[in-house]
Amino acid sequence: MKIGGKQYRAIWPGDDLDCVEVIDQTRLPHELRIVRLGSAEECAAAIRDMVVRGAPLIGAAAAYGIALAVRADPSDASIARASALLLETRPTAINLRWALERMKETLRGLTPAKRADEARELAGRIADEEAAACRAMGNLGAGIVREAWERCGKTRPVRILTHCNAGWLATVDWGTALAPVYVAQEQGIPVHVWVDETRPRNQGMLTAWELGQQGVPHAIVVDNAGGHLMQKGLVDLCIVGTDRTTSRGDVCNKIGTYLKALAAHDNDVPFYVACPTSSIDWTLDDGLASIPIEQRDEAEVTHIGGIGPGGDLVRVRIAPVGSPAHNCGFDVTPGRLVTALITERGVCPASKDGLRHLFGRAS
Ligand code: MRU
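If you're wondering where the values come from, they're calculated on a predicted model, not measured in any experiment.

Cut-offs used in this document
- Residues numbered from 1 in each chain as written.
- Predicted model: local features only at pLDDT ≥ 70, side-chain atom pairs only at ≥ 80, totals over all residues.
- Heavy atoms only, no water.
- Helix = DSSP H or I, 4+ residues; strand = E, 2+ residues; numbered from the N terminus.
- Rg over C-alpha atoms; globule rule 2.2 N^0.38 Å.
- Contact = heavy atoms within 4.5 Å.
- Areas by Shrake-Rupley, 256 points an atom, 1.4 Å probe, with all protein chains shown as cover.
- Lys, Arg positive; Asp, Glu negative; His and termini not counted.
- Charge placed at Lys NZ, Arg CZ, Asp CG, Glu CD.
- Phe/Tyr/Trp six-rings, centres within 6.5 Å; stacked < 30°, edge-to-face > 60°.
- Buried < 20%, exposed > 50% of the residue type's maximum accessible area, 1.4 Å probe, protein only.
- Lys NZ or Arg CZ within 6 Å of the ring centre and 35° of its normal.
- Axes fitted to C-alpha atoms, helices over the stretch in contact; angles between N-to-C directions.
- Parallel < 35°, antiparallel > 145°, perpendicular 65-115°, else oblique.
- Left-handed = near helix turned anticlockwise from the far one by under 90°.
- Nonpolar A, V, L, I, M, F, W, Y, C, P; charged D, E, K, R; others polar.
- Pairing = 2+ DSSP bridges.
- Salt bridge = Lys/Arg side-chain N within 4 Å of Asp/Glu carboxyl O.
- Polar contact = N/O pair within 3.5 Å; in protein donor to acceptor, adjacent residues only side chain to side chain.
- Near = heavy atom within 4 Å.

Draft legend 1. Local environment of the overall build of the protein chain. Helices and strands together make up the secondary structure of the protein chain, namely 12 helices and 18 strands. Relative to the 2.2 N^0.38 estimate, which gives 21 Å for 363 residues, the radius of gyration of the protein chain is 20 Å and therefore close to what a compact globule would have. When its C-alpha atoms are laid out on the principal axes, the protein chain stretches across 60 × 55 × 45 Å. Sequence-distant contacts in the protein chain: of pairs separated by 6 or more residues, those separated by 24 or more amount to 73%. Split by element, the accessible area of the protein chain, about 14800 Å² in all, is 52% carbon and sulfur. Within the protein chain, one finds 40 positive and 44 negative side-chain charges whose respective centroids are separated by 2 Å.

Shown next as structure tokens:
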């Protein structure tokens, strides 16, 4: 997608073979800074510190991390060490494990001398495939947006609510939840996006920035506004992403997603989840019972970041001194509250049968 009219991805291989480059998402939306990652350790730090974030992008960054480790040392021990380091960075997005397993499985079958080229090639392929999956979800999702437009007699923009950032920044290119928005816009369907601010880290600002760069009309709303907007008939559909979807269609996404799904259910607003294959955990069934929920630093709740009058990024405390905070990064929305999953293979019910039918497997 574009920044200032120039085409970017959220991650790309450096010109020399010994690095990968990413956009530093801790500086956005205030500053566009490109960061060079030259080792598995630097990739792991970038994931942990949320320089890169969003489930598919975390997976792609981990794949490049393995490629960089293999370039430095192609031994089995090096791959195992890098994989363990990368895997422990963030616990919830299954894309991380998915990408690491895929890298390890391919490299295992090769002699060390052949591993560096293959690892770099496969990391690039994983990134390309994620981008292609997002584009495919965009095409399918745009069909849903078009139906909403036709339902209102094409008299006004389709009003879509989204939570967190599930746009191109989170996914290599296009986005999961935002891909249908971008493709709808491409097709001339007018859209307006309600952007949840998404406390505590305010990933909604990334969404707003992305949408602004693509010229998509939008408004940022506080996290608590969604229910009211739905009651007032101002939301035609919700589309969110997912960090892990279980084999029965339970969806784990950024904290607050569940409350939006409840409000959507109460107001008969369709609630869609854009879910690439890489975000499905076929080994889990009951999402609430089994998906590990990332517990994050209290300071993300007690403090807030932004740009100061002098143009510096600043953090200020908003909580009283001494008040503790509880900061869970994700929540689980049961499949029964999800209208449908938009995958790159098709749109299906968020259920065991729905997924089985689309993917030809049960677990
Ligand atoms: O903590 P983050 O910013 O990595 O969380 C990202 C999300 O929750 C996204 O909605 C998710 O990864 C969906 S797909 C891009």
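Draft legend 2. Inspection of unusual backbone geometry at higher detail. Looking along the chain, the bond that leaves L28 and enters P29 is cis, with omega of 5°. Following R199, the chain continues to P200 via a peptide bond in cis, the omega torsion being 10°. Within the secondary structure layout, P200 lies in the loop between β7 (191–196) and α7 (204–214). Even without being a glycine, W174 presents a positive backbone phi close to 70°. You can see W174 is positioned in the loop between β6 (158–162) and α6 (179–186). Despite not being glycine, D268 has its phi angle at roughly 55°, a positive value. By secondary structure assignment, the location of D268 is in the loop between α9 (257–266) and β12 (271–274).

Draft legend 3. Representation of the packing of aromatic side chains within the structure. Overall, the coordinates contain two aromatic pairs when judged by the stated rule. Geometrically, the ring pair formed by W282 and F359 is edge-to-face, given 5.3 Å between the ring centres and 70° between the ring planes. Of the two residues, W282 is situated in the loop between β13 (280–281) and α10 (287–290) and F359 in helix α12 (residues 352–359); the sequence distance between them amounts to 77 residues. When its relative accessible area of 11% is taken as the criterion, W282 is described as buried. Under the relative-accessibility criterion, F359 is labelled buried at 10%. Its guanidinium or amino end placed over the ring of W174, R135 lies 4.6 Å from that ring's centre, counting from NZ or CZ. In this structure, K254 is placed above the aromatic ring of F330, and the distance from its NZ or CZ to the ring centre is 4.0 Å.

Draft legend 4. Representation of the packing of helix α5 (residues 112–151) against α6. One can describe the packing of α5 onto α6 by two numbers: an axis separation of 7 Å at closest approach and a directional angle of 65°. By the angle between their axes, α5 is roughly perpendicular relative to α6. In the crossing of α5 with α6, the sense of the turn from one axis to the other is right-handed. Across from C134, R135, M137, G138, N139, G141, A142 and V145 in α5, the residues of α6 making contact are A179, P180, V183, A184 and E186. Residues belonging to the contact of α5 with α6 are distributed by class as follows: eight nonpolar, three polar and two charged.

Draft legend 5. Here's a closer look at the sheet that holds strand β5 (residues 34–37). Taken in spatial order, the three strands of this open sheet run β3-β4-β5, and their pairing is antiparallel. Each edge of the open sheet is held by one strand with a lone partner, namely β3 (11–13) and β5. Averaged over neighbouring strand pairs, the angle between their axes works out to 25° when direction is ignored. Where strand β4 (residues 20–23) and β5 come together, four bridges link them in antiparallel fashion.

Draft legend 6. Molecular detail of the pattern of salt bridges. All chains considered together, the criterion is met by 26 salt bridges. Of the charged contacts, one joins E294 and R296 as a salt bridge, the two residues approaching to 2.8 Å between their closest N and O atoms. Several salt bridges share partner residues, and in doing so they unite R90, R201, E294, R296 and E300 into one network.

Draft legend 7. Summary view of the side chain of Q203. Looking at the element boundaries, Q203 is found in the loop between β7 and α7. Setting aside chain neighbours within four positions, we find Q203 in contact with M50, R53, C164, N165, E197, T198 and K254.

Draft legend 8. Broad picture of the side chain of N165. As for its position among the elements, N165 is in the loop between β6 and α6. Separated by 3.1 Å, the side chains of N165 and T207 make a polar contact. Among the polar contacts made by the side chain of N165, one reaches the side chain of E210 at a distance of 3.2 Å. Once you skip the residues sitting within four places of it in the chain, N165 turns out to touch R53, A170, Q203, L206, T207 and E210.

Draft legend 9. Looking closely at the site of the ligand. Near the ligand you find 19 residues, and of these R53, A55, R90, N253 and K254 are the closest. In this structure, an oxygen atom belonging to the ligand sits 2.7 Å away from a side-chain N or O atom of N253. Contact between the ligand and K254: an oxygen atom at 2.7 Å from a side-chain N or O atom of the residue. About the coverage of the ligand: the protein hides 100% of its 410 Å² of free accessible area. Breaking the shell around the ligand down by element, the ones donating at least two residues are α2 (55–72) and β11 (251–254). Split by residue class, the shell around the ligand holds seven nonpolar, eight polar and four charged.

Interpretation note: all reported values are geometric properties and have no functional meaning in isolation.
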